[in-house]
Amino acid sequence: MGQIQKVFNRYEKKFLIDEETFKDFKKELDEYMIEDEYGLHTIRNIYYDTVDDELIRTSIEGPKYKEKFRVRCYGKPTYDSMCFLEIKKKYKGLVNKRRVAIPMEEAEQYLIHGIMPSNPNQIFKEIDYFFNHYSLEPKRYIAYDRLAMYGREDSEFRVTFDINIRSRDYNLTLYSDEDNEYLLEQGTRLMEVKISDAIPLWFVKLLSKYKIYPTSFSKYGNFYKRQLKEA
């Protein structure tokens, strides 16, 4: 099976909302948006970095340009599940995500043993360059449960809600989702708004009505900062 490649270019805005606000806000959102077919689903990631955490340290400093590498799967993987190898770059707020989908077994052959898949496509070659340029190694497991929605009139307009954001910095495998620490208080949701053009006016009005304000928030960055405090 070949690698499936995909490229995203979009802006992302982040908001933290409590349980009560979410319930009322979501009712109004349902008039304009549709839940995707996966419903509430789990996303598991392993973030990679250099030996001295160069990528996340740079990201936390808030530069105009930042980049990350992660391996992602949806739900509980098996050896023949598809997973995604992703490079995520951000420049002046514009997020560029380049990813390939390959079977877990092939991903492990590459990530652990450096064995390239047969006939790697263009994005896989970019990933390989990035991976080797930084000499990346697995650093942190991060998972969360996500509800994703897309606009009835504009399917490119997407809103996601993440809860139970959890992590560990050992046993770095996607096959296990145990012994994690949690980032947010019970019921608090991280809402991410993903747009390729402008935020619809109706959505801006809803944010204003519920007094929901944007925040700077990085799952990996927050866990990393917590780790530094505990060290």
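Conventions used here
Residues numbered from 1 in each chain as written. Predicted model: local features only at pLDDT ≥ 70, side-chain atom pairs only at ≥ 80, totals over all residues. Heavy atoms only, no water. Buried < 20%, exposed > 50% of the residue type's maximum accessible area, 1.4 Å probe, protein only. Helix = DSSP H or I, 4+ residues; strand = E, 2+ residues; numbered from the N terminus. Arc of directions from axis to C-beta. Contact = heavy atoms within 4.5 Å. 1 Å grid on protein atoms, 1.4 Å probe; cavity = no way out; pocket = protein on both sides within 12 Å on 5 of 7 lines; lining within 4 Å. Points joined across faces, edges and corners; volume = space filled by probe spheres on them. Nonpolar A, V, L, I, M, F, W, Y, C, P; charged D, E, K, R; others polar. Patch = residues over 30% accessible without salt bridge, like charges linked within 9 Å, V, L, I, M, F, W, Y side chains within 5 Å. Areas by Shrake-Rupley, 256 points an atom, 1.4 Å probe, with all protein chains shown as cover. Salt bridge = Lys/Arg side-chain N within 4 Å of Asp/Glu carboxyl O. Lys, Arg positive; Asp, Glu negative; His and termini not counted. Charge placed at Lys NZ, Arg CZ, Asp CG, Glu CD.

### Some details on helix H5 (residues 201-209)
In an α-helix, one full turn covers 3.6 residues, which means residues spaced three or four apart are oriented alike.
Argument step 1. Listing the buried residues of H5 in full gives Phe203, Leu206 and Leu207. Around the axis of H5, the buried residues are gathered within 100° of arc, so they sit on the same side. Turned more than 90 degrees away from the buried face of H5 sit Leu201, Lys205, Ser208 and Lys209, all of them exposed.
Argument step 2. Considering only its buried residues, H5 is in contact with strand S1 (4-17), helix H1 (19-29), strand S8 (158-168) and strand S10 (189-195).
Argument step 3. Lys211 sits one or two residues past H5 and shows a positive phi near 55°.

### Regarding the layout of surface pockets
Argument step 1. For the largest pocket, the calculated volume is near 1,200 Å³.
Argument step 2. Considering the residues around the largest pocket, the lining is formed by 50 residues, among which Glu12, Arg70, Lys88, Glu192 and Lys194 are closest to the centre.
Argument step 3. Broken down by element, the residue count for the lining of the largest pocket peaks at 9 residues, all from S1.
Argument step 4. For the lining of the largest pocket, a count of residues per class yields 16 nonpolar, 12 polar and 22 charged.
Argument step 5. Put simply, the second largest pocket is a space of about 230 Å³.

### With respect to a negative patch on the surface
Argument step 1. A surface patch of like charges, here negative, comprises Glu153, Asp154, Glu156 and Asp197.
Argument step 2. Secondary-structure assignment places Glu156 in the loop between strand S7 (137-151) and S8.
Argument step 3. Glu156 sits in the exposed class, given a relative accessible area of 51%.

Everything listed here is a matter of coordinates, which is why it stays silent on function.
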